Amino acid sequence: MEIKIFIEQFEESLDGLEAGSVTEATAFKELKEWDSLAILTLTDTIDLEYGVLLKKADIELCDTVRSLFELVQSKV
Amino acid sequence: MDISLSGSVTVVPPKVRSIEEDVDLFGGNIRQIERLKKTLGLNERRIASNELTNLDLCEQAAQVLLEQLNIQSSDLDGIIYVTQTPDHSQPSNAALLHGRLACSTECAALDIGLGCSGFVYALWLAYSIIANGSSQRVLVLAGDTLSRLVHPKDRATASLFGDAGSATMVEKRSEAGASWFRLGTDGRGADSLIVPAGGARLPFSEETAVETSDADGNIRTKENLFMDGSEVFNFSIEVVPREIEALLSDAGASKDAVDYFVLHQANRYMVHNIGKRLRVDLERCPVDSFGAFGNVSSASIPGALAYELADVLSGKCEGKSSHQVVLSGFGVGLSWGTCLLNIPHLGCLEWRAYKA
């Protein structure tokens, strides 16, 4: 897993998010695009890309894109 | 097994509500509505008036079906009605419909208390009782009026669910091929899709009518339908593709041999995702009825058949004499049912709006 690719996938999975607008330090839950629909599309992307089906509660425990990346990495 | 569907009719309420009318629910955020349309496929849904119950919708569907197939109600020997929004807690909707249609007293009638998986469960039961010789011809009704159970200020459910009733005939047909069923349940997920109050565990009271707001700002009472969308989504993408693969393996059938995968019309995103996970052409996974009716619970599979496949399955537009169709329902329970049916041309497959 590469953080750079993960960030691109994160950006693509959230409708309305522009490419290059997110870094590994981004507090994603504070993004204006973050809502229940975003949780669904992000969960789906991560499952399709990495075969890891995250629960909403797991995602909400993460603060930054980096911490989300590490969570997925630990479950791959 | 020489058993098949012979026809199906879906009846929806005449009242249409569009997602644009929910602008206040989304705090005036037009962009959010556009996102929901684009991602989930939300568009229009059908809403029953206060006087119209699911029994009324299914009764009209049954009358049209009997007339189109030229079958007398006295020729039915089984009525299976899937609903979680019956007219009364007792007697069953099946018994009430039996009375309204003036069926024979030799006809068995029962309700099944299931939601989105229920149509497949009812078909399984209908096929089984015909196969074991108990019945010759079974009328399957399926539907709910969930719009009454959702709180209008709960964004997780209010714009999603619509109302519909369906009637489907199952009977012996010598030209029918083999059929395969797989059913399953995971009651540990019961709390993720539930109406907490109104049953014996928590009867209606002043307390159950109190509105509360959740972490996302959605408002509902314990008398409303609660859905944990994230849990239900995860359950669906985990279970449904696996079940369909297993069903095809049981049947020794390849995905290429299946003409259509008609999945419960939960929303467009869900249907397309299951299709993607199955690696099948999305044109074989109908989903347009969701944008016309909403998620209509156990009526969604017959609704999708009638909305998108009427000409094909009635033999009006291509040469095939029968079609291989996978049906898959999943939802409240949590519960799921998947079947592979060989369907010779249907004598009737249509949908229409209810007429008083």
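Data block above holds the structure.
First, a word on what this report is: a plain description of the structure on this page.

Criteria and cut-off values
- Residues numbered from 1 in each chain as written.
- Chains lettered and ligands numbered in written order.
- Predicted model: local features only at pLDDT ≥ 70, side-chain atom pairs only at ≥ 80, totals over all residues.
- Helix = DSSP H or I, 4+ residues; strand = E, 2+ residues; numbered from the N terminus.
- Buried ≥ 20, exposed ≤ 12 C-beta atoms within 10 Å, placed from the backbone.
- Contact = placed C-beta atoms within 7 Å.
- Nonpolar A, V, L, I, M, F, W, Y, C, P; charged D, E, K, R; others polar.
- Pairing = 2+ DSSP bridges.
- Right-handed = clockwise from strand over helix to strand, strands pointing away.
- Axes fitted to C-alpha atoms, helices over the stretch in contact; angles between N-to-C directions.
- Parallel < 35°, antiparallel > 145°, perpendicular 65-115°, else oblique.
- Left-handed = near helix turned anticlockwise from the far one by under 90°.

**Some details on the environment of Asp216(B)**
Residues and elements named next belong to chain B.
Part 1: Looking at the secondary structure, you find Asp-216 in the loop between β10 (212-213) and β11 (219-220).
Part 2: A count of 11 C-beta atoms within 10 Å places Asp-216 in the exposed class.
Part 3: C-alpha separation for the pair Asp-216 and Gly-275, spaced 59 residues apart in sequence, amounts to 30 Å.

**Thoughts on the environment of Ala176(B)**
Residue and element names in this part refer to chain B.
Part 1: Along the chain, the position of Ala-176 falls in the loop between β7 (163-172) and β8 (180-185).
Part 2: Distance from Ala-176 to Pro-344, taken between C-alpha atoms, is 6.0 Å for residues 168 residues apart in sequence.
Part 3: Not counting residues within four places of it along the chain, the set of residues in contact with Ala-176 comprises Asp-2, Ile-3, Ser-4, Asn-342 and Pro-344.

**Topic: the interface of chain B and chain A**
Part 1: Between chain B and chain A, the contact holds 12 residues from the first and 12 residues from the second.
Part 2: Every element with two or more residues in the side of chain B that touches chain A is listed here: α1 (30-40) and α5 (229-251) of chain B.
Part 3: Sorting elements by how many residues they give to the side of chain B that touches chain A places α5(B) first, with six residues.
Part 4: Tallied by class, the residues present in the side of chain B that touches chain A amount to four nonpolar, five polar and three charged.

**Some words on the pairing of strand β5 (residues 108-112) of chain B**
Residues and elements named next belong to chain B.
Part 1: In the sheet, strand β4 (residues 78-82) pairs with β5 via five bridges, with the strands oriented parallel. By the bridge assignment for β5, Val-82 is matched with Ile-112.
Part 2: Between the parallel elements β4 and β5, the chain passes through helix α3 (residues 93-101) in a crossover that is right-handed.

**Quick notes on the packing of α5(B) against helix α6 (residues 268-278) of chain B**
All names here are of chain B.
Part 1: Between α5 and α6, the shortest axis-to-axis distance is 9 Å and the interhelical angle comes to 40°. Between α5 and α6, the angle is such that the two are oblique. When the axes of α5 and α6 are compared, the crossing they make is right-handed. From α5, Phe-233, Ser-236, Ile-237, Val-240, Pro-241 and Ile-244 reach across to α6, where they touch Met-270, Asn-273, Ile-274, Arg-277 and Leu-278.
Part 2: Split into classes, the residues belonging to the contact of α5 with α6 amount to eight nonpolar, two polar and one charged.

**Some points on unusual backbone geometry**
Residues and elements named next belong to chain B.
Part 1: In this chain, Gln-90 is followed by Pro-91 through a cis amide linkage whose omega measures 0°.
Part 2: One can find Pro-91 in the loop between β4 and α3.
Part 3: Looking along the chain, the bond that leaves Gly-333 and enters Leu-334 is cis, with omega of -5°.
Part 4: Non-glycine residue Asn-70 carries a positive phi angle of around 55°.
Part 5: With a phi close to 55°, Ala-102 is a non-glycine residue in the positive phi region.
Part 6: The residue Ala-102 is located in the loop between α3 and β5 in this model.
Part 7: For Ala-102, a count of 9 C-beta atoms within 10 Å gives the class exposed.

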